[in-house]
Amino acid sequence: MSPKVTDNAVSTAGAEGTARRVNTLIIGSGFAGLGAAIRLTQEGKDDFLVLERGSDVGGTWRDNTYPGAACDVPSHLYSYSFALNPEWTRSFSTQPEIQKYIASVADKFDVRDKHVFDCDMQSAHWNAENAEWEVQTSQGKFVSKVLVSAVGALCEPSLPDIKGINGFEGEIFHSAQWNHDANLEGKRVAVIGTGASAIQIVPAIAKSVSHMDVYQRTAPWLLPRADRPYTAVERLAFKHVPGFQRLSRAGIYWARETQVFGLAKAPILMKPLELVARAKLQIEIRDAELREKVTPDFQIGCKRMLISNEYYPALSRDNVDLVTDGIKEVRANSIVTEDGTEREVDAIVVATGFHVTDSPAFATIFGKDGRSLADVFDEGGQQGYKGSAIANFPNMFFLVGPNTGLGHTSMVFMIESQINYLSKALETIEKQGLRTIEVKKSEQDAYNADLQERLSKSVWMNGGCASWYLDKHGNNTTLWPSFTFEFRRMLNSFDVAAYDTTVAVETDADVVAISAGKEKANAR
Ligand code: N01
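These notes cover the structure that comes with them. (Residues numbered from 1 in each chain as written. Predicted model: local features only at pLDDT ≥ 70, side-chain atom pairs only at ≥ 80, totals over all residues. Heavy atoms only, no water.)

Take the site of the ligand next. The immediate surroundings of the ligand are formed by 22 residues, with Thr-194, Ala-196, Ser-197, Thr-218 and Lys-303 found nearest. The separation between an oxygen atom of the ligand and a polar side-chain atom of Ser-197 is 2.7 Å. For the ligand, whose unbound accessible area comes to 910 Å², protein coverage reaches 82%. When its residues are assigned to classes, the shell around the ligand shows ten nonpolar, eight polar and four charged. (Near = heavy atom within 4 Å. Polar contact = N/O pair within 3.5 Å; in protein donor to acceptor, adjacent residues only side chain to side chain. Areas by Shrake-Rupley, 256 points an atom, 1.4 Å probe, with all protein chains shown as cover. Nonpolar A, V, L, I, M, F, W, Y, C, P; charged D, E, K, R; others polar.)

Right, here's the structure in full:
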């Protein structure tokens, strides 16, 4: 796919060189950025571009091509409400099928021309004088009135800081950057990590490698995966029986929402799930010593619950060893653990997750007083307002912002809720002729105090685990603490009163800002 810039990206020659100017710039084209592009197009808010660092849409689903990659939310729910797909071949789709779906949606809604692919955002600076965002990219400069971050939480691989790892002479790569040229067949392979990615990779390659060492720091809880292919009759029904697919989607949605009671409100209600997980351990792992090693020591749900029917059987294979001693050092051709054991290895798969609460991208976005998102988060934690705006960053909106993540159901539902809010925000800016709009710090603080109060009852805060849900201040800044329909309802209208605004007026000389939006907001 060659990079494209549309006609509406007007070039302006200025002292700073040529910049492309649009009303709205969206960064990233995963489910969130692509969904926003479709919505804005449908509503005739055409003056926007999506900057995407990859060569195609799809985001994390484009990048995570590791063997066994699949979704742990059923596809009829893990898809856009406006683009249901009767062709899903199974209940839990694999990465290739999901990526094909996302690409087909981009084609169907004809939004590829609104994208600039292979365009890496290097920095974004708020220019207060002109009330606009100046965005430097690998393809030059862009200027926009509104900036939308849709970069997602799972985009920056986190590499472990292990002594000697850079001197390893064999193949080594992160799960999200799988090297398909590396042939692991018949090789001695180490997998570091036992999270959602690793438990899919291990069974997918265990049969073909000569030996595998799985390095576990914390044992995860595993539940059964109710995955199966759809029959031809079911697929015909999804396609031709009116309402059947919507009904199926609704059934999945409400079944998964029931988990919120245990996860967020009363962790004691997680007990039945723990019993299921314990029974699974008992049935699938016959070796008592191995079973003890993989039995988690925290409450189920505290870390993300994983689903697999193949992981435990893979660990039980003769050519697979589970290593629970910490890694002390990586040498040219081996890994040494704290107990002094050295294990020779030809390749290392690093399945150690992502920079979620400490993404390097935060250091590239500079708000009102010149401070970066990283600086702001460093001081006060990763706080936002309704996951969609952050004080100090005027004219900027977030999709998949702080506290919008989930432990139980489809992120696509949250994303569509946020796209509603974004669309209404853009309408408000247009209708009220706003020059700037910035969430009030007092509103953000009150919102977060309430969030943290609600989260304090959750299993994520009380379950006795360390997880990437928590930031360095110990706050849960990643998860939404309640039902997703509450989130949807909260974002159904745009509450401009929570924002400071200035209004642009035409004068003979220029366009100037005349009033703080307080009066305007109060008048509503
Ligand atoms: O990453 P993770 P992931 N030395 O952070 C270990 C989504 N997802 O890529 O638990 C040794 O979950 C770390 O150990 P510990 C989903 O939201 C979804 O697997 O921190 N080990 C852990 O075991 C998921 O939550 C799907 O003690 C180290 C592992 O590495 C998110 O992506 C599939 C280490 C990291 O697990 C991330 O999943 C895949 C070190 N220095 C991903 N550092 C589906 O839909 C970390 N670890 C199925």
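And the narrative resumes.
With that out of the way, let us pick up the sheet that holds strand β14 (residues 327–331). One open sheet accounts for three strands, arranged β14-β15-β16; its pairing is antiparallel. Looking at the sheet topology across the chains shown, the edges are occupied by β14 and β16 (342–344). Along the sheet, successive strands turn relative to each other by an average axial angle of 20°, direction set aside. As judged from the three bridges shared by strand β15 (residues 334–337) and β16, these two strands associate in the antiparallel manner. By the bridge assignment, Val-336 is partnered in β16 with Glu-342. (Pairing = 2+ DSSP bridges. Helix = DSSP H or I, 4+ residues; strand = E, 2+ residues; numbered from the N terminus. Axes fitted to C-alpha atoms, helices over the stretch in contact; angles between N-to-C directions.)

Looking now at the packing of helix α1 (residues 31–42) against helix α3 (residues 95–108). Interaxial distance between α1 and α3 falls to 10 Å at its minimum, and their mutual angle equals 20°. Looking at the two axes, α1 sits roughly parallel to α3. Of the two possible hands of crossing, α1 and α3 adopt the one that is left-handed. Of the residues in α3, those in contact with Phe-31, Leu-34 and Ile-38 of α1 are Ile-98, Tyr-101, Ile-102, Val-105 and Ala-106. The class makeup of the residues in the contact of α1 with α3 is eight nonpolar, no polar and no charged. (Parallel < 35°, antiparallel > 145°, perpendicular 65-115°, else oblique. Left-handed = near helix turned anticlockwise from the far one by under 90°. Contact = heavy atoms within 4.5 Å.)

Here we take up the state of the cysteines. Taken as a whole and judged by the stated rule, the model has one disulfide. The side chain of Cys-302 participates in a disulfide bridge whose partner is Cys-465; the two sulfur atoms lie 2.1 Å from each other. Where Cys-302 bonds to Cys-465 through sulfur, the torsion about that S-S bond is close to -85°, and the disulfide is left-handed. Here Cys-302, found in the loop between α9 (288–293) and β12 (306–307), pairs with Cys-465, found in the loop between α14 (459–462) and α15 (484–490); they are 163 residues apart in sequence, far enough to count as distant. For the pair formed by Cys-302 and Cys-465, the shared burial category is buried. (Disulfide = S-S within 2.5 Å. Buried < 20%, exposed > 50% of the residue type's maximum accessible area, 1.4 Å probe, protein only.)

With respect to the helices and strands, Ser-175 occurs in the loop between β8 (171–174) and β9 (188–192). The exposure class assigned to Ser-175 is buried, which follows from its relative accessible area of 1%. Ignoring any residue separated from it by four or fewer positions in sequence, one finds Ser-175 in contact with Asn-64, Tyr-66, Ser-197, Ile-201, Val-350 and Ala-351.

Running from amino to carboxyl end, α1 crosses helix α12 (residues 411–431) at an angle of 45°, the nearest separation of the two axes being 9 Å. Overall, the two elements α1 and α12 adopt an arrangement that is oblique. Crossing hand, α1 versus α12: right-handed. Contacts from Phe-31, Ala-32, Gly-35, Ala-36, Arg-39 and Leu-40 in α1 reach Val-412, Ile-415, Ile-419, Asn-420, Leu-422, Ser-423 and Leu-426 in α12. Taken together, the residues that form the contact of α1 with α12 break down as nine nonpolar, three polar and one charged.

This part covers the pattern of salt bridges. Within the structure shown, the criterion is met by 31 salt bridges. Among the salt bridges present, the one from Arg-39 reaches Glu-43, with a minimum N-O distance of 2.7 Å. Across the pair Glu-52 and Arg-62 runs a salt bridge whose closest N-O atoms are separated by 2.8 Å. Linking Glu-52 in the loop between β3 (48–51) and α2 (60–63) with Arg-62 in helix α2, this pair joins segments that are ten residues apart in sequence. Put simply, Arg-39, Glu-43, Lys-45 and Glu-427 are held in one network by salt bridges that share partners. (Salt bridge = Lys/Arg side-chain N within 4 Å of Asp/Glu carboxyl O.)

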